[in-house]
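Results of the structural survey
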Amino acid sequence: MTKLQNCLEDFQIYVGTYGKYNSGSIYGSWLKLSDYSCYDELLEAMQELHQDEEEPEFMFQDYECSEFFIKQKLISECHLSANIYEIAEQIDSSDYDFEVIEAYAECMSYYHKDVSDLLDSLSDSYYGEYGSDEDFAQCTLEQDGSIPENLPSYIYIDWEATARQLMYDYMSSNGYYFRN
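Before going into details, it helps to say that this report is about the structure given with it. Keep in mind the model is a prediction, meaning the values are calculated, not measured.

Right, let's get into the side chain of Thr17. With respect to the helices and strands, Thr17 occurs in strand 1 (residues 12-17). A residue is classified by how much of its surface remains accessible, and Thr17, at 0% relative accessible area, is buried. A polar contact of 3.1 Å, which involves the side chain of Thr17, links it to the backbone nitrogen of Lys20. Engagement of the side chain of Thr17 in a polar contact is seen with the side chain of Glu53, the distance being 2.5 Å. Apart from the residues within four sequence positions on either side, Thr17 is in contact with Tyr27, His50, Glu53, Pro56, Glu57, Phe58 and Met59.

Shown next, in the form of structure tokens:
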């Protein structure tokens, strides 16, 4: 499992400018967000890179990052959120691995909202990681005592059908399960 800090380690942007692009040049450079401690440091590096322009209008011609950042509208061709480092810190200091947060956001289509709200609702909803809906159903029903420990050997439970019904109250993404 990877904390967001590691995802920031892999987050990089190719920074050019609209002025250069409109003049036929794609000159720019790849910058790794993890090389900078805050947005202001990153902005300073971008300005230094394009110091030949008086007021460069930055263009993020390419970027490599988790879909989470894109879907949260934190990065696009013409925008990099000034809050990206604060959001990274919030998620990094949470009790959840980034994959869990990303899976929950995917399940909830939770975009354009405050990340702290996302983390709060995640803590109420997260059930764990399971290999399949059937595994989830069996573990959940065994843990809440719905299935007696000493079932006779001639009784079989259709875990596929049970899981199908149970999943009306739950959602999952990438093996992570959450209550609706």
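Following the structure, the description resumes.
Strand order in the open sheet formed by three strands is 2-1-3, and the pairing between neighbours is antiparallel. Each edge of the open sheet carries a strand with a single partner, namely strand 2 (29-32) and strand 3 (58-64). Geometrically, the sheet is characterised by an average inter-axis angle of 35 degrees between neighbouring strands, direction not taken into account. In the sheet, strand 1 pairs with strand 2 via four bridges, with the strands oriented antiparallel. Residue pairing for strand 2: Gln12 is matched across the bridge by Lys32.

Take helix 9 (residues 159-166) next. All of the buried residues in helix 9 are Trp159, Ala163 and Leu166. End-on view of helix 9: buried residues confined to an arc of 65 degrees, all on one side of the axis. Packed against the buried residues of helix 9 are helix 8 (133-143) and strand 7 (170-173). Capping of helix 9 at its N-terminal end is provided by Asp158; its side-chain oxygen lies 3.2 Å from the backbone amide nitrogen of Glu160.

A complete count under the given rule lists five salt bridges for this structure. For Glu53, the salt bridge goes to Lys20, with nearest N and O atoms at 2.8 Å. Taken as a pair, Glu53 in the loop between helix 3 (39-49) and strand 3 and Lys20 in helix 2 (residues 18-22) lie far apart in primary sequence, 33 residues in all. Note that Glu160 and Arg164 form a salt bridge whose closest N and O atoms lie 3.9 Å from each other. A residue pair is termed a helical-turn pair when its members lie 3 or 4 positions apart in one helix, as Glu160 and Arg164 do in helix 9 at four residues. Judged by relative accessible area, which is 49%, Glu160 ranks as partly exposed. What you see here is one network of salt bridges that share partners, running through Lys20, Asp52 and Glu53.

The rules behind each value
- For every chain, the first residue of the written sequence is number 1, and numbering continues from 1 along that sequence.
- Owing to the predicted nature of the model, reporting of local features is limited to residues with pLDDT of at least 70; listing and counting of side-chain atom pairs is limited to 80 or more, with chain, interface and lining totals taken over all residues.
- Think of the side-chain values as coming from all heavy atoms in the structure, minus any hydrogens and water.
- Runs of E in the DSSP output that reach at least two residues are strands. Runs of H or I that reach at least four are helices, and both are numbered from the N terminus.
- With a 1.4 Å probe rolled over the protein chains alone, any residue whose accessible area is under 20% of its type maximum counts as buried; one over 50% counts as exposed, and the rest are partly exposed.
- Polar contact is the term for a pair of N or O atoms within 3.5 Å; when the atoms are in protein, one must be able to donate a hydrogen and the other to accept it, and sequence-neighboring residues count only if both atoms are side-chain atoms.
- In this description, contact between two residues means that some pair of their heavy atoms is separated by no more than 4.5 Å.
- When DSSP locates at least two bridges between a pair of strands, those strands are taken to pair.
- For every element, the axis is a line fit to its C-alpha atoms; helices are fit only across the contacting stretch, and the angle between N-to-C directions ranges from 0 to 180 degrees.
- Along the arc lie the directions from the helix axis toward the C-beta atoms.
- Whenever a carboxyl oxygen of Asp or Glu lies within 4 Å of a side-chain nitrogen of Lys or Arg, that contact is scored as a salt bridge.

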